[in-house]
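# Close look at the chain arrangement
The chain contents come next:
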Amino acid sequence: MLDRRTGLVGLLLAVVSAAAFGTAGVFATGLLDAGWSAGAAVIVRMGVAALALTAPAVVQLRGRWGLVRANLGAVLAFGALAVALPQLAYFNAVSRLSVGVALLLEYSAVLLVVLWTWARLGQRPSAVTGAGVVVALGGLVLVLDVVNGARIDPIGVLWGLVAALGLAAYFLLSARTEDALPPLVNAWLGLAVGALLLGAAALVGAVPWRTTASEVVFAGRSTSWLVPVLGLSLLAAAFAYATGIAAVRRLGSRLSSFVGLSEVLFAVAAAWLALGQQPGAVQLVGGVVVLAGIVLVRLGERPPAEPAVDVDPVPTADDATAR
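All chains use their own residue numbering, which begins from 1 and follows the written sequence. Selection of residues for local features in this predicted model requires a pLDDT of at least 70, selection of side-chain atom pairs for listing and counting requires 80 or more, and totals for whole chains, interfaces and linings are taken over all residues. Computation of side-chain values covers all heavy atoms of the structure but excludes hydrogens and water.

Along its length, the protein carries 15 helices and two strands. Counting only C-alpha atoms and orienting by the principal axes, one finds that the protein spans roughly 95 × 55 × 35 Å. Each residue's exposure class comes from its accessible area (1.4 Å probe, protein chains only) as a fraction of the maximum for that residue type: buried when under 20%, exposed when over 50%, partly exposed otherwise. Burial analysis of the protein (323 residues in total) assigns 44% to the buried set. Of all intrachain contacts in the protein linking residues separated by at least 6 positions in sequence, the fraction that spans at least 24 positions is 89%. Here the protein displays about 16,300 Å² of accessible surface, and carbon together with sulfur accounts for 66% of that area. Secondary structure counts use DSSP, requiring at least four H or I residues in a row for a helix and at least two E residues in a row for a strand, with both numbered from the N terminus. The contact definition used throughout considers only heavy atoms, calling two residues in contact when any of these lie within 4.5 Å. Areas reported here follow the Shrake-Rupley algorithm with a probe of radius 1.4 Å; residue values treat only the protein chains shown as occluding.

Spelled out as structure tokens, the structure:
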């Protein structure tokens, strides 16, 4: 159960993480338009992020390297299932589906998290949580505007569902706290494993690899390709994963997965500010609906108030004399 301070800190970290993740599209757009392949952008993003986290992670692990050996299986699972898989699957989905449809499929992960915690951990969602699920996903449909110009492909749908499995794994594996690695260390090793796995896939041709050193257009200006690479790696990966894992450990997988839906809202806002892609009225209404759903889930996840307990008064000397 969450105490008030832990819950507030967790919510703040979750929102900050979602905002950082939400900038990924803005940074990636310039690279993709300049000729980078999606696979190359993802691999470089994870590799640079892992390098950036190396020094602080080593400092945190000083004298505690046994934790890495004890968590080796969890690290490999996190890197493969929660980092590499959702990114690879999402970009494959986008290649066959409209972006809105691909995102909607990926974020159906919140349903998987709810079902898993119910079936596996016995955490049955309350009626308020259930209402929040429906409201939040309904708002997401409006924000992503999946009805207009939707492009559907069966293979793309499968990739989108695989991305959902990966995203659900991110929330579920991040929630592990017993003898777990510090969040920053977990992010460092997970990103390193993800980069190595997708890098190996690129070497054998399973993931397209294409980069360019030419200038890219970012926020309406021509700039070095290093600018979006560093933004994509340091802000939208290293910082986003470290704060996100810390948030999940405080909030639990279910609530944090719904707060994570706000990433889409931040992505729309970032595209508006940096790329001039102004959201329509329907998207703005959808954003309000998503936030309402998150609030409902937060209310539904609160522990029930403990009943008041009558306490017998402490007998006094006068009481003893009266007896």
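The structure having been displayed, the exposition proceeds.
Here the focus is the environment of L191. Locating L191 in the fold gives a position in helix α10 (residues 183-203). On the basis of relative accessible area, L191 is assigned to the buried category, the value being 0%. Counting along the chain gives 56 residues from L191 to A247, while the straight-line C-alpha distance between them is 17 Å.

Only Phe, Tyr and Trp rings take part, Trp by its six-membered ring, and two of them pair if their centres are within 6.5 Å. Stacked means planes under 30 degrees apart, edge-to-face means over 60, and tilted covers everything else. Going through the model one piece at a time under the given rule, you end up with seven aromatic pairs. Between F21 and Y170, the ring centres sit 6.5 Å apart and the planes meet at 85°, which makes this aromatic pair edge-to-face. With F21 in helix α1 (residues 4-22) and Y170 in helix α9 (residues 154-174), this pair connects stretches of sequence that are 149 residues apart. The class for F21 is buried, based on a relative accessible area of 13%. On the accessibility criterion, Y170 (6% relative accessible area) is buried. Between W36 and W225, the ring centres sit 6.0 Å apart and the planes meet at 40°, which makes this aromatic pair tilted. Of this pair, W36 sits in the loop between α2 (24-34) and α3 (38-60) while W225 is found in the loop between β2 (221-223) and α11 (226-251), placing the two residues 189 residues apart along the sequence. A relative accessible area of 27% places W225 in the partly exposed class. Members of the aromatic cluster, connected to one another through ring pairs, are F21, F78, Y170, F171 and Y241.

So, about the confidence of the model for the protein. Mean pLDDT over the protein works out to 85, with 91% of the residues at or above the 70 mark. By mean pLDDT, the top-scoring element of the protein is α10 (95), and the lowest-scoring one is helix α15 (residues 317-322) (40). Contacts from residues 304-323, a stretch scored under 50 in pLDDT, to residues over four places away or in other chains number two contacts. Residue-level confidence of the predictor, termed pLDDT, takes values from 0 up to 100.

Attention now goes to helix α13 (residues 262-275). A helix's residues, less one, multiplied by 1.5 Å, set its expected span. Taking 1.5 Å per residue, 14 residues should reach 20 Å; α13 reaches 19 Å between its end C-alpha atoms and fits that length. Of all the residues in α13, the buried ones are S262, V264, L265, A270, A271 and A274. In this fold, the buried residues of α13 make contact with α1, α2, α8 (127-144), α12 (253-259) and α14 (281-300).

Grouping buried Ala, Val, Leu, Ile, Met, Phe, Trp, Tyr and Cys residues that are joined through side-chain atoms within 4.5 Å yields what is termed a nonpolar core. In terms of nonpolar packing, the biggest core is built from 73 residues, with L140, Y170, W188, L191, Y241, F258 and L261 touching the most fellow members. Tallying contributions element by element places α10 first for this core, with ten residues. Listed in part, the 16 residues of the second largest apolar core include A41, V216, A236 and A274.

The subject of this paragraph is α10. Along its 21 residues, α10 runs 30 Å from first to last C-alpha, staying within 8% of the 30 Å computed at 1.5 Å per residue. Just downstream of α10, G205 is the residue with a positive phi angle, here 85°.

A few words on the environment of V162. Considering the arrangement of structural elements, one finds V162 in helix α9. It is 9.9 Å that separates the C-alpha atoms of V162 and L81, two residues lying 81 residues apart in sequence. Apart from residues lying up to four places away in sequence, V162 is in contact with L85 and A89.

Turning our eyes to something else, we now look at the side chain of R254. Relative to the helices and strands, R254 resides in helix α12. The class for R254 is buried, based on a relative accessible area of 7%. Not counting the four nearest positions on each side in its chain, R254 is found in contact with V113, V114, T117, Q123, R124, P125 and E301.

With respect to the secondary-structure elements, W116 resides in helix α7 (residues 109-121). Owing to a relative accessible area of 43%, W116 belongs among the partly exposed residues under this scheme. Spatially, the C-alpha atom of W116 lies 28 Å from that of V42, the residues being 74 residues apart in sequence.

With axes taken as lines fitted to C-alpha atoms, and helix axes fitted only over the stretch in contact, angles between N-to-C directions fall between 0 and 180 degrees. Where α9 contacts α11, the two axes come as close as 8 Å, and the packing angle between them is 60°. Taken together, the axes of α9 and α11 lie oblique to each other. On α11, the residues that touch Y170, F171 and S174 of α9 are Y241, G244, I245, V248 and R249. Classification convention: Asp, Glu, Lys, Arg as charged; Ala, Val, Leu, Ile, Met, Phe, Trp, Tyr, Cys, Pro as nonpolar; all other residues, Gly among them, as polar. For the contact of α9 with α11, a count of residues per class yields five nonpolar, two polar and one charged. Angles are sorted into four bins: roughly parallel if under 35 degrees, roughly antiparallel if over 145, roughly perpendicular if 65 to 115, and oblique for all others.

Our focus in this paragraph is the side chain of S233. The topology assignment puts S233 in helix α11. On the basis of relative accessible area, S233 is assigned to the buried category, the value being 1%. At a separation of 3.5 Å, a polar atom in the side chain of S233 contacts the main-chain carbonyl oxygen of R45. If near-sequence neighbours (up to four positions away) are discounted, S233 is found in contact with V44, R45, V48, A49 and A238. Here a polar contact means two N or O atoms within 3.5 Å. Within protein one must be a hydrogen donor candidate and the other an acceptor candidate, and residues neighboring in sequence count only if both atoms are side-chain atoms.

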